Amino acid sequence: MARHVVARTSDIPAGTNKVVTVGGREIVVFHINGEFFALLNRCPHEGAPMQKAQPIAKLDSDGPGEYRRSRVGELLRCPWHGWEFDVRTGQSYFDPHNCKMRSYPVTVQDRAELALGPYSAETFQVTVDDSYLLIDV
Amino acid sequence: MADVLIDCDIHPALPSSAALLPYLDDHWKEQVTTRGIDGLDLQSYLPSMPISGRPDWRRGTDKPGSDFAMLQSQALDGFGSSLAICNCLYGTHAIYDPYLASAFAKATNDWVAAEWMAKDKRLRASIVVPLQAPDFAVEEIERRATDKRFVSVLVLAQGEMTLGRRMYWPVWAAAEKHALPIAIHAGSAYRQAPSSAGWPSYRMEYYIADAQAFQAQVLSLVLEGVFRKFPALKVVLMESGVSWLPACMWRANKTWKGVRVEVPWVDRPPADIIRDHFRLTIQPFDAPPDKAGVEQLCEQINSDRMLLFSSDYPHWHYEGTDAMPPHIPKSIADRMRSANALETFPRLTQTI
Amino acid sequence: MADVLIRDTRKPQPQASLEAKPKSRLRIIDCDIHPSPKCNEEVIAFLPKRWQEHYALFNDHLRVPFMQNLPYPRSAPRIARRDAWPPDGSVPGSNLAFMREQYLDVVDVEYGLLQVLDLFVYSQQNLEFGAALARGINEWQVECVSKPEPRLRASLVVGQDDPAAAVKEIEHSAATGQFAQINMAPRASEPLGRRKYWPIYEAAQAVGLPIGLHTGGYGGHAPTGSGWPSYYNEEHHSNAHTMATQLASLVIEGVPERFPMLKFVFIEGGFGFIPGITWRMDKHFERFRAEVPHLKRKPSEYVRDNFWFTTQPIDEPERNRDMRTLIDWVGVDRLLFSSDYPHWDFDDPRTAFRIPLSEEERAKIFNTNARAVYGFK
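Right, let's walk through the structure included here. (Residues numbered from 1 in each chain as written. Chains lettered and ligands numbered in written order. Predicted model: local features only at pLDDT ≥ 70, side-chain atom pairs only at ≥ 80, totals over all residues. Heavy atoms only, no water.)

## Topic: the interface of chain C and chain B
Here's step 1: Facing 64 residues of chain C, the contacting portion of chain B comprises 68 residues.
Here's step 2: Both faces considered, chain C and chain B share a buried interface measuring about 5,700 Å² in area, 56% of it formed by carbon and sulfur atoms.
Here's step 3: Linking chain C to chain B there are five salt bridges.
Here's step 4: Across the pair lysine 254 of chain B and glutamate 316 of chain C runs a salt bridge whose closest N-O atoms are separated by 2.7 Å.
Here's step 5: Linking chain C with chain B are 30 residue pairs in polar contact (both at pLDDT 80 or more), by the criterion used here.
Here's step 6: Counting residues per element, the ones that place at least two in the side of chain C that touches chain B are helix 8 (232–252), helix 10 (273–288) and helix 12 (322–330) of chain C.
Here's step 7: Partitioning the side of chain C that touches chain B into residue classes produces 26 nonpolar, 23 polar and 15 charged. (Contact = heavy atoms within 4.5 Å. Buried area = accessible area lost by both parts, 1.4 Å probe. Salt bridge = Lys/Arg side-chain N within 4 Å of Asp/Glu carboxyl O. Polar contact = N/O pair within 3.5 Å; in protein donor to acceptor, adjacent residues only side chain to side chain. Helix = DSSP H or I, 4+ residues; strand = E, 2+ residues; numbered from the N terminus. Nonpolar A, V, L, I, M, F, W, Y, C, P; charged D, E, K, R; others polar.)

## Considerations on the sheet that holds strand 5 (residues 54–60) of chain A
Residue and element names in this part refer to chain A.
Here's step 1: A sheet is described by the order of its strands in space; here three strands give the open sequence 5-6-7, paired in antiparallel fashion. In the strand order of this sheet, the two ends are held by strand 5 and strand 7 (84–86), each with one partner. Strand after strand, the sheet turns through a mean of 60° between neighbouring axes, direction not considered.
Here's step 2: Direction of pairing for strand 6 (residues 68–77) relative to strand 7: antiparallel, over a ladder of three bridges. Residue pairing for strand 7: arginine 77 is matched across the bridge by glutamate 84. (Pairing = 2+ DSSP bridges. Axes fitted to C-alpha atoms, helices over the stretch in contact; angles between N-to-C directions.)

## Considerations on the side chain of arginine 335 of chain B
Residue and element names in this part refer to chain B.
Here's step 1: Within the secondary structure, arginine 335 sits in helix 11 (residues 330–337).
Here's step 2: Polar contacts involving the side chain of arginine 335 include one to the side chain of asparagine 340, which spans 2.9 Å.
Here's step 3: When neighbours within four sequence positions are excluded, arginine 335 is seen to be in contact with Asp304, Arg305, Asn340 and Glu343.

## Observations regarding the nonpolar core
Across soluble globular proteins, nonpolar side chains have a tendency to be buried as a group.
Here's step 1: Trp172 of chain B together with Tyr201 of chain C are the most contacted members of the largest nonpolar core, which totals 250 residues.
Here's step 2: Take this core: its biggest share by element is eleven residues, from helix 6 (residues 203–223) of chain B.
Here's step 3: In terms of nonpolar packing, the next biggest core, distinct from the first, is built from 14 residues, Ile12, Val20, Val29 and Phe36 of chain A among them. (Core = buried A, V, L, I, M, F, W, Y, C linked by side-chain atoms within 4.5 Å. Buried < 20%, exposed > 50% of the residue type's maximum accessible area, 1.4 Å probe, protein only.)

Put into structure tokens, the structure is as follows:
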């Protein structure tokens, strides 16, 4: 596992995402309500690119006609077949234990913290006073 | 209990509306006789066509299944059944007038009780209900609730609306309350074309189309959340053909995984709900052509609880006195003889 | 800290696994691709002025409740994959350059069979308009899709519920040699085996083109024998039931018996339904034989000889290995790969099959079966 700097937090406004490549993998980084999440940019079903996934609420129900919403924007609906994945864990809604997207821990560090390392040699250009996203891959 | 055989689908036949007269009130007696309200055999079961009656189960031009002694000897003694469930298909299911339908439902159930079940303690029956008016259907269920010989509620595979819809929920509530599974039987009320393709030329196509109709009903009941609402409810698919089941379950799961947001009350894969709540009578069995195929199919169904023995007397699907289709794995065939039926129709275990 | 940087990785690199070429150099024949005009008027422009004016006032006329949307809301806007909207903001399927970049070139499509759903021609209630529209759609396909992108082969659409007009359209347009098949929709006003449609089959057999039946249609019948279901979950699934019923209709009404050279391709029904309906037809054939004396063979024999089925939406057995059983039951010779690009339930040819396929099976499913059915050299 190595820690890679992939983006500045300001590169990814809230409600958007950005695709970065780390160690040959395409990873999509989502910014949801001040938090950042990183997932392999590939749905485990047929390989759809998750950067186009629709962020939706977690939708549960107590019975026919009941729609209970929570964690708005934290479920990703695959842009192809609509499978729902928890952005925090990568777990699918319908089979959380056996079907999940690969997820990667994300850390936010400012420039001063970054100076302390460690991180991979393949890094992003760190030139401004800003906060940065690091992914462990 | 090793030798007990329960036949979940036989068909005593009403010879004509006249047979119901003793069980109709004065108003309906007069209506039936003065307006000629007769000849209400369902289009789906034209008595003369070969599938409606095996040759050795017919006598002359009589309606197959209309003779009590023959049914006793052939369906009960012939198969060695300890119990058999009567599903009477006539009139009620397709009548438009809800009051006429209700009167016929009551009379049909009275007729089955008095002239069949009373005469042979092995006989049980599904309650014929007028789904045209769900409140009347509830009344008919309540009327029969204390007569434990009535063990299920009979509806057709092709009716006015898909069975999962909210309008029918009071009927399912009553059924669940009284431990009555819903028996969906092949056949049509001819309210609309038997499929999205339209009206076919041949009776053969109509019969074939029932398999798709059953699937639509399974989907409706699951996806409308009927089993969230009525968790103890079971549904028996009678005379459905069976072998369409695995592909249906697979596709239902596939669609749900992607479009679950439309039906969030379906909180687990449809196939799991289907395995828990649906049972299927075995005749006819639209079988794969070889033993390996039947075994594969049974593996794909992946439940030894879903299949129920039935003869479908007097309908013609096989020869001889063994209605159990060949090649069904023993562990499943054993449970089919009675254990699954006793679990599915709880009232079968209660004494009269 | 400005000095930390080694390499700028901001520019996305192609990901090896997504770009992997198939194991062999197999080019794909995709039997279901949906092109769209940028707007309906692009197609309407091909119609005579009289019909352009008609359309401007009266639009088209289908047995559906809404004007700008399908009766059952789909899983996504325009039924499309969310990533299939071209960057220029045009609708999915309307930008050939984007289609090439996103799909055709990526998986190496040798031929794609076009299925036009816009302005649903098959079920137009105004039959004269429908006939004009069919001609317009056929010309649009050739001019605007096949000519700029010769890999994409047009399907000759007809308004099936006006068989005389359909025959005229076939006789006119098939002569151009630009069409790979003749298209009808499986939700017509009568089951497609009915005699009303036989003139179309006669014409198709005469010009030597297969009939393609692509899921859909507004023939006026509910999706089920018990009326209209509440949910898209149900309605989407019912497409498989429609296919099963049409297979039964065509076989039982005697279409392959009467037109033995005619090939039928069932498009976008998947193929899981086939064993059950075939076993059911064979099972009950004996009992109903006297009703259908025109059938000289068992139903399954007609299915084996005259019918092909595209693979999408591919069935997903609970155990992957049951796909092997399913393929064996259906017969690998019957299967034609399709993607349904750009729709949401698209199948990617690289990942749709979850079991190993032999080289021979891959060649058949992804290329040579379709090559033979459509007569591609």
